[in-house]
Protein chains: 2
Amino acid sequence: MKAKRKPMERGAAGRQAKPVERRVLVVDVGGTNVKVRLSGSEAVHKIPSGRKMTAEGMVSAVLGLSRKWKYDAVSIGYPGMVYRNRPVVEPMNLAPGWVGFDFPRAFQRPVMILNDAAMQALGSYRGGKMLFLGLGTGLGSAAIWDGVLEPMELAHLHYRKGRTFEDYLGLRGLERLGKRKWREAVADVVARLKKAFGVDEVVLGGGQAKLLKEPPPGARLGDNANAFAGGFSLWKTAQSNIFPR
Amino acid sequence: MKAKRKPMERGAAGRQAKPVERRVLVVDVGGTNVKVRLSGSEAVHKIPSGRKMTAEGMVSAVLGLSRKWKYDAVSIGYPGMVYRNRPVVEPMNLAPGWVGFDFPRAFQRPVMILNDAAMQALGSYRGGKMLFLGLGTGLGSAAIWDGVLEPMELAHLHYRKGRTFEDYLGLRGLERLGKRKWREAVADVVARLKKAFGVDEVVLGGGQAKLLKEPPPGARLGDNANAFAGGFSLWKTAQSNIFPR
């Protein structure tokens, strides 16, 4: 392998600046499916999840799926609050036992765990000051401000009439309001939060984003595949300050 | 003034490292009272607040109270989510109009705004990894990890039996459970979160903390006066990385 390196990579500058190219397995944990993608591949593999899925069950299913694959590191998008690389609250729609679980030991590789909306935000980022809203069963949120990622917990904050942002923009909001009024609520929340946060743009992702005919003013639509882009880029930017505290 | 300086403070090192001593007015905005304290004074002044108090009304009352005082900067503890020095969600128990309000212009001084629990956490910090819980009408939360402050939004996350942490630990939890069971819930949440976050200690502040006979294992009691200490220290640490994103 050494002989194949370009000469400049062997110099002092090369030792200092050479980027580490890790092969990464990205695992996006959702309430219906766990989606898995290996860096260098376009294929997204789905493993059914649900209320009986434990952290151990997830790892064992992912290890089974990927047993012939080669990868050096794992990124996990987790459907709940994460602090300093640890899930701190159990997931709403899965079995408990995720808090305190030793993911690096179970995968036998270094693992980075990030809130799922934050991971998708990272993959959707183009620069400047961005707020990301994930319109799914619930409402995910994260901000990136000049390259610094900040997971948010906006879902359960008060929006209007004694109801929360999630009550309006999440799946139950869509069912209660109907598509037309739900779209109006999305547009109103986008306008308010864009101004309140002082961001350049709001990116709308998540499974329900496709129900918007077009993004409201000040917003653009994210692509759910961005979760994987975010998961891969985590390992490239791990040493920079984008990785959240 | 110059003549009174010590010689070493006039040297090059002095110019580089001399701390700026600002006189700071700390304003702790609550749903019942706005509490005000000037640096160098022990006196805490109370201005009644409530559901009719706007941001403009708060500023005008504080400016009235302090019109003969000298101060260079203002710290505001805000009862709601703050991002990058801006309230991003309207307060629950006050009149709306706080989001987008120009506080530096209204005070005619530089202003730092911080979530109220985060400000109290900052004043309670002794080092290491700390989680702060503010037991009041609601449930405030913030973490400080090796000197880096991170406001939290734990209140509305799921705890147990379909209820949130705030449903158990907030005022309504206390009323529903009674003192004995509320104390048990506080102890259980402290133990869980201490482990989940991987912190060295949990500090319990807020108006209801005095109802704990003694702090549960792994916790210590904060002093509500710590909000002011936090507000003063904000301006000392403004250039360090403790100030939250």
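The structure we're discussing is the one just above.
Residues numbered from 1 in each chain as written. Chains lettered and ligands numbered in written order. Predicted model: local features only at pLDDT ≥ 70, side-chain atom pairs only at ≥ 80, totals over all residues. Heavy atoms only, no water.

Asks: What should I look at first to understand the pairing of strand S10 (residues 148-151) of chain A in this one?
Replies: The two faces of a sheet get side chains in turn, since along a regular strand they alternate between them. Residues and elements named next belong to chain A. Sheet topology places strand S9 (residues 139-145) next to S10; four bridges connect them, and they run antiparallel. Its bridge partner being in S10, Ala-142 is matched across the sheet by Pro-151. Hairpin connection between S9 and S10: a loop of two residues separates the two successive antiparallel strands, and Asp-146 in this loop has a positive phi of roughly 50°. (Pairing = 2+ DSSP bridges. Helix = DSSP H or I, 4+ residues; strand = E, 2+ residues; numbered from the N terminus.)

Asks: What exactly am I supposed to notice about the pattern of salt bridges here?
Replies: For side chains bearing opposite charge, pairing can occur when the charged atoms are close. All names here are of chain B. Applying the stated criterion across every chain yields a total of ten salt bridges over all chains. Ionic pairing is found between Lys-129 and Asp-146, a salt bridge with its closest N-O pair at 3.2 Å. Of this pair, Lys-129 sits in strand S8 (residues 129-135) while Asp-146 sits in the loop between strand S9 (139-145) and strand S10 (148-151), and the two are 17 residues apart along the sequence. (Salt bridge = Lys/Arg side-chain N within 4 Å of Asp/Glu carboxyl O.)

Asks: Just checking my understanding: could you explain the sheet that holds S9(B) for this structure?
Replies: Strand pairing in a sheet is mediated by backbone hydrogen bonds. Such pairs are either parallel or antiparallel. Residues and elements named next belong to chain B. Pairing is mixed in the open sheet, where five strands are placed in the order S10-S9-S8-S13-S14. The sheet is open, and its two edges are formed by S10 and strand S14 (219-221), each paired on a single side. If you compare each strand with its neighbour and ignore which way they point, the axes differ by 20° on average. Contacts from helix H4 (residues 116-124) reach S8, S9, S10, strand S13 (201-205) and S14 within the one sheet, and its direction differs from that of S9 by about 45°. The strands touched by helix H6 (residues 171-197) within the sheet are S8, S9, S13 and S14, with S8 carrying the most contacts at an inclination of about 150°. (Axes fitted to C-alpha atoms, helices over the stretch in contact; angles between N-to-C directions. Contact = heavy atoms within 4.5 Å.)

Asks: Explain a positive patch on the surface here, please?
Replies: Residues and elements named next belong to chain A. Taken together, Arg-160, Lys-161, Arg-163, Arg-176 and Lys-181 make up a surface patch of like positive charges. Residue position: Arg-176 is located in helix H6 (residues 171-197). With a relative accessible area of 37%, Arg-176 lands in the partly exposed category. (Patch = residues over 30% accessible without salt bridge, like charges linked within 9 Å, V, L, I, M, F, W, Y side chains within 5 Å. Areas by Shrake-Rupley, 256 points an atom, 1.4 Å probe, with all protein chains shown as cover. Lys, Arg positive; Asp, Glu negative; His and termini not counted. Charge placed at Lys NZ, Arg CZ, Asp CG, Glu CD. Buried < 20%, exposed > 50% of the residue type's maximum accessible area, 1.4 Å probe, protein only.)

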